[in-house]
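Chain and residue survey
Chain by chain, the residues run as shown.
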Amino acid sequence: MPKAKPPTDWDTYFLGLARQAATRSSCTQHHHGAVIVSNRHIRSTGYNGTPSGHTNCGEGGCPRGRKSDMSEPCLGLHAEANAILYADPDQREGATIYVTAPPCMECAKLIANSGLREVVAPIPEPGEADRVKEFLLDCKVRVRFVKQGS
């Protein structure tokens, strides 16, 4: 009898779910996803895009996406913000957020005040992520950059 393949590790599994959430993004620039997990149970998911009720980016609802001009304002919410908004405070307390890319500084501030206690993201390119990681660690939020699973 063939030997069974071992199950996927939890980080790979939840990062994969964050990547799947990103497929819902309507942003014309980036597709990001986030999953909030507590005790290995999904509490919330999020992806980047315009606020509910507003025309989607892909349908011309965002000036930046419409003109492909990064100097234009972006009307989208980030995946982390949406995941935080859709999780009750008690579900976030002490939980982990898995994200498809390291958070920006604005999302890091939301994470720091949300009750989340850990961020897991793929290993980033050098740069802004180092500053964000230092900030989150100062706020007592653990940050782990992990190798992306296949």
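Before reading further, recall that the structure is shown in the block above.
So, a few notes on the structure that sits alongside this text. The numbers attached to residues start from 1 for each chain and follow its sequence in the written order. Residue-level local features of this predicted model are given only where pLDDT is at least 70; pairs of side-chain atoms are given and counted only at 80 or more, and the full residue set underlies all totals for whole chains, interfaces and linings. The side-chain values count all of the structure's non-hydrogen atoms but skip hydrogen atoms and water molecules.

1. So, the overall build of the chain
- Each helix corresponds to a stretch of at least 4 residues labelled H or I by DSSP, and each strand to a stretch of at least 2 residues labelled E; elements are numbered beginning at the N terminus. Helices and strands together make up the secondary structure of the chain, namely six helices and five strands.
- Both definitions apply: the radius of gyration is a C-alpha atom measure, and the globule rule equals 2.2 Å times residues to the power 0.38. Relative to its length of 150 residues, the chain is compact, with a C-alpha radius of gyration of 16 Å against a globular reference of 15 Å.
- Here the contacts in the chain between residues at least 6 apart in sequence split such that 56% fall between residues at least 24 apart.
- Surface summary for the chain: the accessible area is close to 8,900 Å², and the carbon and sulfur share equals 51%.
- Of the charged side chains in the chain, 18 are positive and 16 negative; the average position of the first set lies 6 Å away from that of the second. Contacts between residues were defined by any pair of non-hydrogen atoms, one from each residue, lying within 4.5 Å. Accessibility throughout is a Shrake-Rupley quantity obtained with a 1.4 Å probe, and a residue counts as covered only by protein chains that appear here. The charged-residue count follows a simple rule in which Lys and Arg add positive charge and Asp and Glu add negative charge, with His and chain termini not counted at all. Throughout, a charge is located at the NZ atom of Lys, the CZ atom of Arg, the CG atom of Asp or the CD atom of Glu.

2. Some details on the pattern of salt bridges
- Within this document, salt bridges are pairs made up of a side-chain nitrogen of Lys or Arg and a carboxyl oxygen of Asp or Glu, the two lying within 4 Å of each other. Within this structure, the stated rule accounts for four salt bridges.
- The shortest N-O distance in the salt bridge between Asp 11 and Arg 144 comes to 2.7 Å. Separated by 133 residues along the polypeptide, Asp 11 in helix H1 (residues 10-22) and Arg 144 in strand S5 (residues 142-146) bring together distant segments of the chain.
- One salt bridge in this structure joins Glu 106 and Lys 109, with 3.0 Å as the shortest N-O distance. Of this pair, Glu 106 and Lys 109 both sit in helix H5 (residues 105-114), three residues apart, which is roughly one turn of that helix.
- Each of Asp 11, Glu 118, Arg 142 and Arg 144 takes part in a single network of salt bridges with overlapping partners.

3. A short note on the side chain of Thr 12
- Checked against the element boundaries, Thr 12 lands in helix H1.
- Among the residues examined, Thr 12 registers a relative accessible area of 19% and is labelled buried.
- A polar contact is formed between the side chain of Thr 12 and the side chain of Asp 9, at a distance of 2.7 Å. Only protein chains enter the calculation, and the probe is 1.4 Å; a residue is then buried if its accessible area is under 20% of its type maximum, exposed if over 50%, and partly exposed in between. Whenever a nitrogen or oxygen atom comes within 3.5 Å of another N or O atom, the pair is scored as a polar contact, on the condition that within protein one atom can donate a hydrogen and the other can accept it, and that pairs from neighbouring residues in sequence are kept only if both atoms are in side chains.

4. Some details on the packing of H5 against helix H6 (residues 128-138)
- At a minimum axis separation of 10 Å, H5 and H6 run at an interaxial angle of 15°. Relative to H6, the element H5 lies roughly parallel. The element H5 and its partner H6 pack so that their crossing is right-handed. Here H5 contributes Met 105, Ala 108, Lys 109, Ile 111 and Ala 112 to the contact with H6, which in turn contributes Glu 128, Arg 131, Val 132, Phe 135 and Leu 136.
- Residue classes in the contact of H5 with H6 are distributed as seven nonpolar, no polar and three charged. Helix axes are fitted only over the stretch in contact, all axes being lines through C-alpha atoms; the angle between N-to-C directions runs from 0 to 180 degrees. These descriptions rest on fixed angle ranges, namely under 35 degrees for roughly parallel, over 145 for roughly antiparallel, 65 to 115 for roughly perpendicular, and the rest for oblique. By the definition used in this description, the sense in which the near helix is turned from the far one sets the handedness, with an anticlockwise turn below a right angle giving left-handed and a clockwise turn giving right-handed. Residue type decides the class: Asp, Glu, Lys and Arg count as charged, Ala, Val, Leu, Ile, Met, Phe, Trp, Tyr, Cys and Pro as nonpolar, and the leftover types, Gly among them, as polar.

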